[in-house]
Amino acid sequence: SLNRLNEVEFDLASVVRTAMNMLPKLRKIMDWDLQDFSVTCGHRSGEEQEQLFKEGKSQARAGQSPHNFKPSRAVGLLPYPWDWGNVTPADMKRFKELVQLIKICAAFKNYRVTSGSDWPRFKDWPHFERVDWRDHGEDRKKLPPRRPRS
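Residues numbered from 1 in each chain as written. Predicted model: local features only at pLDDT ≥ 70, side-chain atom pairs only at ≥ 80, totals over all residues. Heavy atoms only, no water.

### Some details on the nonpolar core
- Core analysis: the largest hydrophobic core is formed by 28 residues, its most contacted members being Phe37, Val75, Leu77, Leu98, Leu101 and Ile102.
- Elements with a contribution of two residues or more to this core: α2 (10-30), β1 (37-41), β2 (74-79), α4 (89-108) and β4 (124-130).
- Apart from the residues lying within four places of it in its own chain, the contact partners of leucine 77 are Val16, Phe37, Ser38, Val39, Thr40, Phe95, Leu98, Ile102, Pro126 and Phe128. (Core = buried A, V, L, I, M, F, W, Y, C linked by side-chain atoms within 4.5 Å. Buried < 20%, exposed > 50% of the residue type's maximum accessible area, 1.4 Å probe, protein only. Helix = DSSP H or I, 4+ residues; strand = E, 2+ residues; numbered from the N terminus. Contact = heavy atoms within 4.5 Å.)

### As for the pattern of salt bridges
- Applying the stated criterion across every chain yields a total of eight salt bridges.
- The salt bridge partner of glutamate 50 is arginine 61, with a shortest N-O separation of 2.4 Å. Note that glutamate 50 is positioned in helix α3 (residues 46-54) and arginine 61 in the loop between α3 and β2, a separation of 11 residues in sequence.
- Where salt bridges share partners, they join Glu9, Arg130 and Asp132 into one cluster. (Salt bridge = Lys/Arg side-chain N within 4 Å of Asp/Glu carboxyl O.)

### Re α4
- Between its first and last C-alpha atoms α4 spans 29 Å; for 20 residues at 1.5 Å apiece the expected length is 28 Å, and the two agree.
- Along α4, the residues that are buried comprise Asp91, Arg94, Phe95, Glu97, Leu98, Val99, Leu101, Ile102, Cys105 and Ala106.
- Residues of α4 that are buried in the fold lie against α2, β1, β2, β3 (113-116) and β4.
- Among the residues trailing α4, asparagine 110 stands out with phi positive, at a value near 55°. (Expected span 1.5 Å × (residues − 1).)

### Things to note about the pairing of β4
- Of all seven residues in β4, seven are buried; the element is thus mostly enclosed.
- As judged from the three bridges shared by β2 and β4, these two strands associate in the antiparallel manner. Each residue of the ladder has a partner; that of glycine 76, found in β4, is histidine 127.
- In this structure, β3 lies alongside β4, joined through four bridges in antiparallel fashion. Residue pairing across strands places threonine 114 opposite glutamate 129, the latter belonging to β4. (Pairing = 2+ DSSP bridges.)

### Observations concerning the packing of α2 against α4
- Following both chains from N to C, one finds α2 and α4 inclined at 115°, their axes separated by 9 Å at the closest point. Between α2 and α4 the crossing geometry is right-handed. Across the interface between the two elements, Val15, Thr18, Ala19, Met22, Leu23, Leu26 and Met30 from α2 touch Gln100, Leu101, Ile102, Ile104, Cys105, Ala106 and Phe108 from α4.
- Among the residues forming the contact of α2 with α4, the class breakdown is 12 nonpolar, two polar and no charged. (Axes fitted to C-alpha atoms, helices over the stretch in contact; angles between N-to-C directions. Left-handed = near helix turned anticlockwise from the far one by under 90°. Nonpolar A, V, L, I, M, F, W, Y, C, P; charged D, E, K, R; others polar.)

### Considering the environment of glutamine 59
- Summarising the element assignment, glutamine 59 is placed in the loop between α3 and β2.
- Linking glutamine 59 and valine 113, residues 54 residues apart in sequence, is a C-alpha distance of 19 Å.

### A word on unusual backbone geometry
- Of note, the amide linkage connecting lysine 70 to proline 71 takes the cis form, showing an omega dihedral of -5°.
- With respect to the helices, strands and loops of the structure, proline 71 is situated in the loop between α3 and β2.
- The backbone phi angle of aspartate 31 is positive, close to 55°, even though this residue is not glycine.
- Mapped onto the secondary structure, aspartate 31 falls in the loop between α2 and β1.

In structure tokens:
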């Protein structure tokens, strides 16, 4: 989990590390069920990205995802433990708490992050990305044009 976090740009990784440290305190204050979470994805190769696109698990092709850059401008997070084969309302409650946790810690660090759970059509709950990821870094000229979200 922490090895994957090393693949993520410093500021976003710092938000996640802050969330790891703040969770025990916020859990008590907010009366959350979330006890822990895992980093499931940092950098993703073009081959991995294309496979996820073909499986319908991503709407981005290779080179179009913030995961495809080094360091990654996105991170995948899951409440721990998690079982995609048996998702309960209690699991979704923990996921919503994780989204809140990341957004609170991002605001604390004055970092703009968005969650795939905020997207209107394709809900990608584990996905968190830097809001301005297309405008950041040396390779920004290589990026495809923005796709409007509806």
